[in-house]
There are 2 protein chains.
Amino acid sequence: LRCLIQAQALGMAVINSVGIAEMAGTNAPQVRKDLSYLGELGTRGVGYDVDALTAHISERLGMGTERRIAIAGFGRMGSALFSYGGFAQHGFLAVAILDSDPEKVGTTVDGVTVRHIDELEDVLSEENVEILVLTTPVEVTREIAKRAAAVHVKAILNFAPVRLDLPADVAVRQVDLSTELQVLSFHLVHRAR
Amino acid sequence: LRCLIQAQALGMAVINSVGIAEMAGTNAPQVRKDLSYLGELGTRGVGYDVDALTAHISERLGMGTERRIAIAGFGRMGSALFSYGGFAQHGFLAVAILDSDPEKVGTTVDGVTVRHIDELEDVLSEENVEILVLTTPVEVTREIAKRAAAVHVKAILNFAPVRLDLPADVAVRQVDLSTELQVLSFHLVHRAR
């Protein structure tokens, strides 16, 4: 999808699997195979209609619908994510912020009032939150995730370096920045040897 | 490593593969297999010495050495990452900040002066930077990555949603937050159907 949006920006009407593969860093047969799961979308010898394929993939990813996000933990990472332009651009709308710090609770940021984490369930329901972003301290993260899953939140993006233990119908994506750096560090050591 | 550090915090002297597997969200045979690559570390029927295994893995990951990081792009994400406590805690030290905004260049944050992105090569050399964190706009990210790789930076953590095209000896880890949300969005659609 990102490649296709780039192709649109470049004014391309048609793109073939070789072109997509180059942009995405993979190979053309893989692109054709992956896209074949979505149906017969391309024209042999020509390629894919950029606009049609963009619309099709967006729809399959559920990108047509606006998704409402809550951010739990409004420290440095939480506030950076709240202000991060990239989310809104893709239809993800941060509608709620939760924290336990009395100095933060009750303050308003870009029209969103910080609520106390004790009110998590109420806030998630009131605001029809579908995705919870966790930037909470490790010690409390599992409990908060469980509480969210127990109401209706079925998707969690977790920045806390702790594995969440949730029912199978809750999708979790883990972003662990320290682990990313450790992988790079391993590469540096390995390379030097 | 994260699990072992937790185990240390819990005062455990010994941990077996079942315990590590539970903490890490995998199974015990997998833990034993993975750890066997590091040599014969555990005692059959007893488990692993927590301190010894922690030290061993840390050393293999190159965690004994302090790693010097530069952050290019000092917007919201860049400044959040600079202030992120989790990095320093793991021995990653942010020693340089680069941006092109004249209002930011020359200002000092926690002892680090923001330098102009045009000076990238000089800054990376002067500060002995090993890892470059990119939170730059998409349009300029590839070029900056190439310039860094052309000097001596062999590890890049890229937050910009663009694939970097770099020599094979440069390790790149990509953190794409919008893609993470799109994966969650796909799960929500798929589930609803």
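Residues numbered from 1 in each chain as written. Chains lettered and ligands numbered in written order. Predicted model: local features only at pLDDT ≥ 70, side-chain atom pairs only at ≥ 80, totals over all residues. Heavy atoms only, no water.

### Considering helix H2 (residues 17-24) of chain B
Note: α-helices contain 3.6 residues per turn, so residues at a spacing of three or four share the same orientation.
Step number 1: Residues of H2(B) that are buried: Ser17(B), Ile20(B), Ala21(B) and Met23(B). Viewed along the axis of H2(B), the buried residues span an arc of 165°, placing them on a single side of the element.
Step number 2: Residues of H2(B) that are buried in the fold lie against helix H8 (138-150) of chain A together with helix H1 (2-9), strand E1 (14-15), helix H3 (28-36), strand E2 (48-49) and helix H4 (50-60) of chain B.
Step number 3: Phi turns positive one or two residues past the end of H2(B), at Gly25(B), with a value near 75°. (Buried < 20%, exposed > 50% of the residue type's maximum accessible area, 1.4 Å probe, protein only. Helix = DSSP H or I, 4+ residues; strand = E, 2+ residues; numbered from the N terminus. Arc of directions from axis to C-beta. Contact = heavy atoms within 4.5 Å.)

### Digging into H8(A)
All names here are of chain A.
Step number 1: With 13 residues, H8 ought to run about 18 Å at 1.5 Å a step, and its terminal C-alpha atoms sit 19 Å apart, in line with that.
Step number 2: All of the buried residues in H8 are Thr141, Ile144, Ala145, Arg147, Ala148 and Ala149.
Step number 3: Summarising the contacts, the buried residues of H8 are in contact with strand E3 (67-72), helix H7 (120-126), strand E7 (131-134) and strand E8 (155-158). (Expected span 1.5 Å × (residues − 1).)

### Considerations on the interface of chain A and chain B
Step number 1: Taken together, the contact between chain A and chain B spans 58 residues of the former and 58 residues of the latter.
Step number 2: Summed over both partners, the interface of chain A with chain B comes to about 5100 Å²; 62% of that surface belongs to carbon and sulfur atoms.
Step number 3: At the junction of chain A and chain B, the tally comes to four salt bridges.
Step number 4: In this structure, Arg173(B) engages Glu180(A) in a salt bridge whose closest nitrogen and oxygen atoms are separated by 2.5 Å.
Step number 5: Counting across the chain A and chain B interface gives 19 residue pairs in polar contact (both at pLDDT 80 or more).
Step number 6: For the side of chain A that touches chain B, the element with the highest residue contribution is helix H9 (residues 177-192) of chain A, accounting for 14 residues.
Step number 7: Counted by class, the side of chain A that touches chain B contains 31 nonpolar, 11 polar and 16 charged residues. (Buried area = accessible area lost by both parts, 1.4 Å probe. Salt bridge = Lys/Arg side-chain N within 4 Å of Asp/Glu carboxyl O. Polar contact = N/O pair within 3.5 Å; in protein donor to acceptor, adjacent residues only side chain to side chain. Nonpolar A, V, L, I, M, F, W, Y, C, P; charged D, E, K, R; others polar.)

### Examining the pairing of strand E8 (residues 155-158) of chain B
All names here are of chain B.
Step number 1: Here E8 shows no split at all, with Ala155 and Leu157 on one side and Ile156 and Asn158 on the other all buried.
Step number 2: One ladder, built from four bridges, connects strand E7 (residues 131-134) with E8; its direction is parallel. Bridge pairing in E8 links Val133 to Leu157.
Step number 3: Handedness of the crossover is the feature at issue here: the chain leaves E7, passes through helix H8 (residues 138-150), returns alongside E8, and the resulting connection is right-handed.
Step number 4: Strand direction decides the pairing type here: E8 and strand E9 (residues 171-174), joined by four bridges, are parallel. Note that in E9 the partner of Asn158 across the bridge is Gln174. (Pairing = 2+ DSSP bridges. Right-handed = clockwise from strand over helix to strand, strands pointing away.)

### Re the packing of helix H1 (residues 2-9) of chain A against helix H4 (residues 50-60) of chain A
The description of two packed helices rests on the angle between their axes and on the distance between the axes.
All names here are of chain A.
Step number 1: With their axes 10 Å apart at the nearest point, H1 and H4 run at an angle of 145° to one another. The hand of the H1/H4 crossing is left-handed. Where H1 abuts H4, its residues Leu4, Ile5, Ala7 and Gln8 lie against Val50, Asp51, Leu53, Thr54 and Ile57.
Step number 2: For the contact of H1 with H4, the class distribution of residues is six nonpolar, two polar and one charged. (Axes fitted to C-alpha atoms, helices over the stretch in contact; angles between N-to-C directions. Left-handed = near helix turned anticlockwise from the far one by under 90°.)

### Overview of the relation of the copies chain A and chain B
For these two chain copies, the linking operation is a rotation about an axis paired with a shift along it.
Step number 1: At an RMSD of 0.1 Å, chain A and chain B line up after a rotation of 180° and a shift of 0.0 Å along the axis. As the rotation angle and translation indicate, the two copies are arranged about a two-fold axis. No C-alpha of chain A lies nearer the rotation axis than that of Ala80(A), which sits 3.0 Å from it.
Step number 2: Here 100% of the interface residues in chain A have copies in chain B that are interface residues too; the copies meet face to matching face. (Least-squares fit on C-alpha atoms with pLDDT ≥ 70 in both.)

### Here's the deal with the packing of aromatic side chains
All names here are of chain B.
Step number 1: In total, this model carries two aromatic pairs over all chains according to the counting rule given.
Step number 2: A ring pair is formed by Phe74 and Phe82, whose centres lie 6.1 Å apart and whose planes are at 80°; its orientation type is edge-to-face. Side by side, Phe74 and Phe82 carry an identical accessibility label, which is buried. (Phe/Tyr/Trp six-rings, centres within 6.5 Å; stacked < 30°, edge-to-face > 60°.)

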